[in-house]
Structures are given as C-alpha cells and as structure tokens.
Amino acid sequence: MRFLSVNLNCFLVEFSSLEETVAAHHFLQHAQHPHIQEMIPAARTILIYFDHLLIDAKALIQWISAQKIDQDFFNSGKEVVINVRYDGIDLAHVAEYLGIAIDEVIQKHTDSRWQVAFIGFAPGFAYLISPDHPFGSIPRLASPRKKICAGSVGLAGEYSGIYPKDSPGGWQLIGQTHEKMWDLHRQQPALLLPSDQVVFNNITQNPVQITVPSTPFIANQLIEKTAILKVKSVGLQVLIQDQGRRNMASLGVGQAGAMDITAYASANQIVGNPHHAAVLEILNGGLRLQVLQSTVIAVTGAQAELWIHYASAHQVKENLYQPIALDQGDEVYISSPQAGIRNYLAIRGGIMVEQVLGSASYDSLAELGTPPIKVGDQIYSAQLKTLPVDLNQLPVSLPKVGAQVMVDIVLGPRTDWFTQDSLALLLEQCWLVTAESNRIGLRLFGDQPLQRQLHQELPSEGCCTGALQVPANGQPVLFMNDHPLTGGYPVIATVAPYHLDLIAQLPAGCSIQFRPISDFMDINHNESAT
C-alpha cells in the first residue's frame, strides 16, 4: 500500500492491483473504523475521508497498514441476476478482436463470476470485475458515442458494466437488459452496490422482461402546502440548495449542496431556520420575487443590491445579512453583484421541496434534485420549527472582477507526475478564472501550462472538492461541488477546505495564486514520509 496526501481531511491509498483494492475496500467497510467518514474506491485506489478533529492522517495510516486484509473477496455481497439480450452493436467486433465466435463471447460473459468493484461515471454505474478475466482487456471506442441507451451492457478494459441512463459513452456494447440499474422510486436507488455479485443470464432466444420488486420511495412532503413567493424573473441560474448529500459515494452520487456554505448557514441563522433548511442559491443576481404570504427573508453572500418594492408603493434598498419582514404584494429584487457571484435567500420556516437521497440540493452533473428555478414557479414553506432570528451574522469581503486572491493548497496526490519546473510554476504563476466555469468546476488559464514528467494513462481515482485536475493541455480544472466522484487526469494539488467558500465566489476575470500549506506526502506501508 502507498498513501498519498489529498487534503486536510482525506488521503489516497494506492494498491498494485484492482483485486487488492476491492479486497481492502471490502475489509474497511466491515471494520467500520469510527473516524473514517466515507470511502471512494476506484480502479487502483481508495480515497478515504476521515474526521481530522478526532484523528490525524498519520495515525489512521498506521492503523490501516497494520491490518491483515483477506484477498478472498469474492464471498461477499448479495447475488443479483441480470437478464441480457445479447444483440449489442459491438458484439461481432468484440468477437473478431478476441478471435472467437460470437456464441463464445456470450458464453464467457454468462459463465464468469462478476463482482461490483466500485461505482463511478454516473449514479448507479457499477464497474464489474471477474477473477476469471474472461476477455483480458477490451479497448474502448476510439470516438465515444453521443448517446448510449439505458440498460446497455458493455465491456471496456477489464470491466463489464451496464449504463443506468441514456448518456454518452465509449464502451463496447454487447447486449441490453430491461433491469433498472438506477431508480429513485426504490428504497435503494442503485440496483448494484460495491461487493455485490452479478450473474448474467442469456435471454436472447427467449426475451422476457423481469420486473425487480421495489419498495416505493415516499417523498418527505407536508400535506398542506403554503405558497410564499412567486418567481417573476430569474437571472443566469437559481437553484434549491442545502448542505448536500453525505455518504452517497457507494451509489455514485456526489455531495452537491451550497457552494458557499458559510453564506448559506448565515442566511438560515438570520431567519431562525434549522441548519439543514433549503435556500435559494442565486448566480449573478437577476432574481425577482412576488410575495404571496407574509414572511421573513434574509439574503447573504455576494455584494449585491437588495431592493424591496413594498405594496405601499415605496421602494427601498435593504441591507444584506439582516432579517426583512415582507407582506403580501411586496416584491424582492436582487441585482447583479459588484463583488462575489452567489447570493443565498432563506425564508423563515425553510423551503419545501422533495428530498432526493436525503437532500433538497440540485446536482447539475447527476441531474438529481429539484430542477433549476424558472419564471412562474412558486416557492412553498416547509413550515420547519424555527428559532429566534440571529442579528449577529456579518458579511465578508469578497473578490471583484480583476482581483487577485491567495488560496491555500495541499500538494498531492499526483504531484510527482509533474516536473519540478511545473510545480514551481503552479505556485509562482497567477491563474485566471475563465468564463467556462460552473458548479462542476472552474477552468483556469495560465500563460505557461503545466508539464507532466509521467505520461502513462492514470486509472480513474477518487477526487474531492477543490481538486486541481490537470488535463493534457496543462491548464488546471478546479473541481467544485458537483464534480464527478472519480477522474482520469492527475491531480497536482487540492484547495484547503477553508478556502472553498472563497473559490465559490470568484467571478470570471479574477486570478488565483496558490500557496502550499504542507509538503507532498508519499508513504509506503513500510517506509517513512518523503
């Protein structure tokens, strides 16, 4: 095992094979170390999140290194039978590549034992491996297809997999199943979970549709709905957000949630909401609301003008970070910010929306949660139990277009994939935040791109929010809340958690200078840190 630094609350464990990775993940799942909060397994690595207030990385690494991990991991997890019609568009090509008949490809696929190694790419997409290695390594398509239908069964590398929804993809397709791999109306949305065993059943000659019994998902909704606000105009983007989804990596689902978590928390505290209440996240202003019922609101975050047109006909510019009482007929308008880019609007009692996997947040990558707010939508009260309003929340200074900000980073986990000159360049050069930035990631630009000294392909591995992933063009992408759980480009460093709120408020045109707060950690289980 090799341990690599990622951030203050997580590190990466690297293994020499996929089998070792799966065995270690299975062992750690059952060991249930009290300070491990979440794990993201991938092809050769496990990203481990831990409670850094209760244990430090070195102590947890020592504990993991001392464990005896059983390599016989194919005796765990439930068995799931997947009925497949083997008529995929690439079936003949796979047979030709392997130099065998089509019937033999089908037989190898159905006779092999498969197990879920990890979930990635999309919610519910299970990477299946087999100790029999029936196909060796199957190359992906040279040019990915723009659309692959849900239920398509494919091969790529040493894996087999089933697409949970219509999506682009480059796997070789050998068949189709009617089983729903991802269904939010089930109590367990993902049909397959890590360590589950999968048996493929050939129904090509006798196609039948098997319906998987499921427990209906019951939304956490109130019987009585009270509309508080009506949307009259929206700007670039308005989303429902809360604290996000925790511990959903086993389903292939990221955290999402409010980008500026401090501004989000302040909005709720000012109106006396519980800490988990949903709010509106407003990107670059432009939101106009009509008040339908008396309420109290607060707006925090970006430095924008908050205008209230009271029903009594007078218009007032109110301060941010204070409770504002509104009556029926009033109108609220938030202008485009002069500093920062995201505002948070909370209403007393919270916003009522359907909870998806324990959160109201909209995930723009996975397309989970309430879709973006549009003109004509009504905002309903969740009627949550409230506390007294908090008058002690204060705004923070936020960057304007053209500003230069200093951001702390933790080096790793793939710092050693880059030249020493590129590491120096990462720290010395200012990186421009481009307009091609969103909740998935900020695209950065530097006059001199970063250069790698290792050029081999990196197997996909877990990435955390704040990761600086460097694609082939050498211009970093800074992963944000809706980023994919795994990535295939090396991460040179990661933004420290306490600077993520600042990153969330950076307008395009700002520049970032990175400052390391720790050395790159690279520990083998029988060596000291380097």
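In this report, the structure presented in the accompanying data block is examined.

Our focus in this paragraph is the packing of aromatic side chains. As enumerated under the stated definition, the model contains 12 aromatic pairs in all. Look at Trp-114 and Phe-200: their rings are 6.3 Å apart centre to centre, the planes differ by 80 degrees, and that puts the pair in the edge-to-face class. With Trp-114 in strand β6 (residues 114-119) and Phe-200 in strand β13 (residues 197-202), this residue pair connects regions lying 86 residues apart in the sequence. The two residues Trp-114 and Phe-200 agree in class, both being buried. Judged by centre distance (6.1 Å) and plane angle (85 degrees), the rings of Phe-121 and Tyr-163 are edge-to-face. Pair noted here: Phe-121 is in the loop between β6 and β7 (126-129) and Tyr-163 is in the loop between β10 (159-162) and β11 (167-169), with a separation of 42 residues, a long-range link. Under the relative-accessibility criterion, Tyr-163 is labelled buried at 1%. Through pairs of rings, three or more aromatic residues link up here, namely Phe-118, Phe-121, Phe-125, Tyr-127, Tyr-159, Tyr-163 and Trp-171.

A separate point is unusual backbone geometry. Between Gly-412 and the following residue, Pro-413, the backbone shows a cis peptide bond with an omega angle of 5 degrees. Its location among the elements puts Pro-413 in the loop between β25 (404-411) and α6 (420-428). Positioned with a positive phi, Asn-247 is a non-glycine residue whose angle comes to about 60 degrees. Within the secondary structure layout, Asn-247 lies in the loop between β15 (237-241) and α5 (261-271). Given a relative accessible area of 47%, Asn-247 falls into the partly exposed group. The backbone of Glu-367 sits at a positive phi, close to 55 degrees, despite the residue not being glycine.

Right, let's talk about the nonpolar core for a bit. With 82 residues, the main nonpolar core has Leu-280, Leu-345, Ile-512 and Phe-514 as its most contacted residues. Here this core gets five residues from one element, more than from any other, and that element is α5. In contact with Ile-512, other than residues within four places in its own chain, are Val-405, Val-407, Gln-429, Cys-430, Trp-431, Val-433, Leu-444, Leu-478, Ile-503 and Leu-506.

Before going further, it helps to examine the sheet that holds strand β22 (residues 331-334). Ordered in space as β20-β19-β22-β17-β14-β24, the six strands form an open sheet in which the pairing is antiparallel. The two strands at the open ends of the sheet, each matched to only one other strand, are β20 (315-318) and β24 (378-380). Pairwise comparison of adjacent strand axes, ignoring direction, gives a mean angle of 25 degrees for this sheet. Judged from the four bridges that link them, strand β19 (residues 306-309) and β22 form a sheet pairing that is antiparallel. When the bridges of β22 are listed, Leu-306 appears paired with Ile-334.

Now for the layout of surface pockets. One simple way to see leftover space: roll a probe sized like a water molecule over the atoms. Quantified by volume, the second largest pocket comes out at close to 980 Å³. Among the elements of the structure, β3 (36-41), β4 (45-50) and α7 (500-504) are those that each provide at least two residues to the lining of the second largest pocket. Sorting elements by how many residues they give to the lining of the second largest pocket places β3 first, with three residues. When the residues that make up the lining of the second largest pocket are grouped by side-chain class, the tally is 20 nonpolar, 11 polar and five charged.

Definitions and cut-offs
- Residues numbered from 1 in each chain as written.
- Predicted model: local features only at pLDDT ≥ 70, side-chain atom pairs only at ≥ 80, totals over all residues.
- Heavy atoms only, no water.
- Phe/Tyr/Trp six-rings, centres within 6.5 Å; stacked < 30°, edge-to-face > 60°.
- Helix = DSSP H or I, 4+ residues; strand = E, 2+ residues; numbered from the N terminus.
- Buried < 20%, exposed > 50% of the residue type's maximum accessible area, 1.4 Å probe, protein only.
- Core = buried A, V, L, I, M, F, W, Y, C linked by side-chain atoms within 4.5 Å.
- Contact = heavy atoms within 4.5 Å.
- Pairing = 2+ DSSP bridges.
- Axes fitted to C-alpha atoms, helices over the stretch in contact; angles between N-to-C directions.
- 1 Å grid on protein atoms, 1.4 Å probe; cavity = no way out; pocket = protein on both sides within 12 Å on 5 of 7 lines; lining within 4 Å.
- Points joined across faces, edges and corners; volume = space filled by probe spheres on them.
- Nonpolar A, V, L, I, M, F, W, Y, C, P; charged D, E, K, R; others polar.

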